[in-house]
Amino acid sequence: EPEVTQTPSHQVTQMGQEVILRCVPISNHLYFYWYRQILGQKVEFLVSFYNNEISEKSEIFDDQFSVERPDGSNFTLKIRSTKLEDSAMYFCASGGSRSDELNSYEQYFGPGTRLTVT
Amino acid sequence: QQPVQSPQAVILREGEDAVINCSSSKALYSVHWYRQKHGEAPVFLMILLKGGEQKGHEKISASFNEKKQQSSLYLTASQLSYSGTYFCGIDGGANNLFFGTGTRLTVIP
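It should be emphasised that the depicted structure is a prediction, and the values quoted were computed from it without experimental measurement.

Student: Just checking my understanding: could you explain the overall build of chain A for this structure?
Tutor: For chain A, the count of helices and strands is 0 helices and 11 strands. For 118 residues, the compact-globule estimate of 2.2 N^0.38 gives 13 Å, and the C-alpha radius of gyration of chain A, at 14 Å, lies within 12% of that figure. Every one of the 118 residues in chain A was classed for burial, and the buried ones make up 47%. Restricting to contacts in chain A with at least 6 residues of sequence separation, those with at least 24 account for 56%.

Student: How should the interface of chain B and chain A be read in this particular structure?
Tutor: For an interface, size is often stated in terms of accessible area lost upon the parts coming together. Counting from both sides, the interface comprises 19 residues of chain B and, opposite them, 18 residues of chain A. Around 1600 Å² of area is buried between chain B and chain A when both sides are counted, 61% of it from carbon and sulfur atoms. For the pair chain B and chain A, the number of links is 0 salt bridges. Inspection of the region where chain B meets chain A yields 3 residue pairs in polar contact (both at pLDDT 80 or more).

Student: Help me out: how do you make sense of the state of the cysteines in this one?
Tutor: Two cysteines, two sulfur atoms, one covalent bond between them: this is a disulfide. Counted according to the given criterion, the structure contains 2 disulfides over all chains. Between Cys23(A) and Cys92(A) runs a disulfide, and the two sulfur atoms are separated by 1.9 Å. Every disulfide takes its handedness from the sign of the S-S torsion; for Cys23(A) and Cys92(A) that torsion is -60°, giving left-handed. Pair noted here: Cys23(A) is in strand S3 (residues 19–24) and Cys92(A) is in strand S9 (residues 88–95), with a separation of 69 residues, a long-range link. There is no split in this pair, since Cys23(A) and Cys92(A) are both buried. A sulfur-sulfur separation of 2.0 Å characterises the disulfide bridge that pairs Cys22(B) with Cys88(B).

Student: I tried to follow the sheet that holds strand S8 (residues 75–79) of chain A on my own but got confused; where do I start?
Tutor: Whenever strands of a sheet pair, they do so through backbone hydrogen bonds, lying parallel or antiparallel. Residue and element names in this part refer to chain A. Taken together, 4 strands build an open sheet; the order of strands is S1-S3-S8-S7 and the sheet is antiparallel. Each edge of the open sheet is held by one strand with a lone partner, namely strand S1 (5–7) and strand S7 (65–68). Adjacent strand axes in the sheet meet at a mean angle of 20°, parallel and antiparallel pairs treated alike. Strand direction decides the pairing type here: S7 and S8, joined by 4 bridges, are antiparallel. When the bridges of S8 are listed, Phe65 appears paired with Ile79.

Calculation notes
Residues numbered from 1 in each chain as written. Chains lettered and ligands numbered in written order. Predicted model: local features only at pLDDT ≥ 70, side-chain atom pairs only at ≥ 80, totals over all residues. Heavy atoms only, no water. Helix = DSSP H or I, 4+ residues; strand = E, 2+ residues; numbered from the N terminus. Rg over C-alpha atoms; globule rule 2.2 N^0.38 Å. Buried < 20%, exposed > 50% of the residue type's maximum accessible area, 1.4 Å probe, protein only. Contact = heavy atoms within 4.5 Å. Buried area = accessible area lost by both parts, 1.4 Å probe. Salt bridge = Lys/Arg side-chain N within 4 Å of Asp/Glu carboxyl O. Polar contact = N/O pair within 3.5 Å; in protein donor to acceptor, adjacent residues only side chain to side chain. Disulfide = S-S within 2.5 Å. Pairing = 2+ DSSP bridges. Axes fitted to C-alpha atoms, helices over the stretch in contact; angles between N-to-C directions.

Distances and angles like these do not, on their own, reveal function.
Listed below in structure tokens is the structure:
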């Protein structure tokens, strides 16, 4: 069964450094997402991506963050100048194929990347 | 846009039933339900699209009351494997999900 994959599973970085989190969405999906979950809290929407551009972003997704789909398979989240409060689990999700009604698809989550900023 | 879930936590014995509620202050286009086990990614359970729609998945079902802007998840004859945190995610129209704070369900033997 196809699944969303993410690398690395755990990333430790120093405050102020840049990190890139990588995701490979399910191949026939059209919509891609990044969410984050601070330990013990709810899952928070960061950004959605469709047709090679950002379709929606939350207020969390400020200039420190950027997303890219550098090739036909990868989807990346870059965090510039990381802060202590960026420590969280980051989930990539994908959904919506051409055969789906575009308002009715489920989102499949990857296993997450645990980011620790020290 | 964050939905409100209740209860925050519930403990059940195997075989007991539970209801988890999710309500929003804004109009809902759809409601998604996910279960997350500790240290794992959220796993999709079901999506409800229309007012009054009910869906079932084994012994887990859900309803969606569009007028009341709320959804409920029903777990019947709970099993140990049902333990986890249940999140409702509301779609405000762009299919970006805004999740509730979660309901931690613990099923004990």
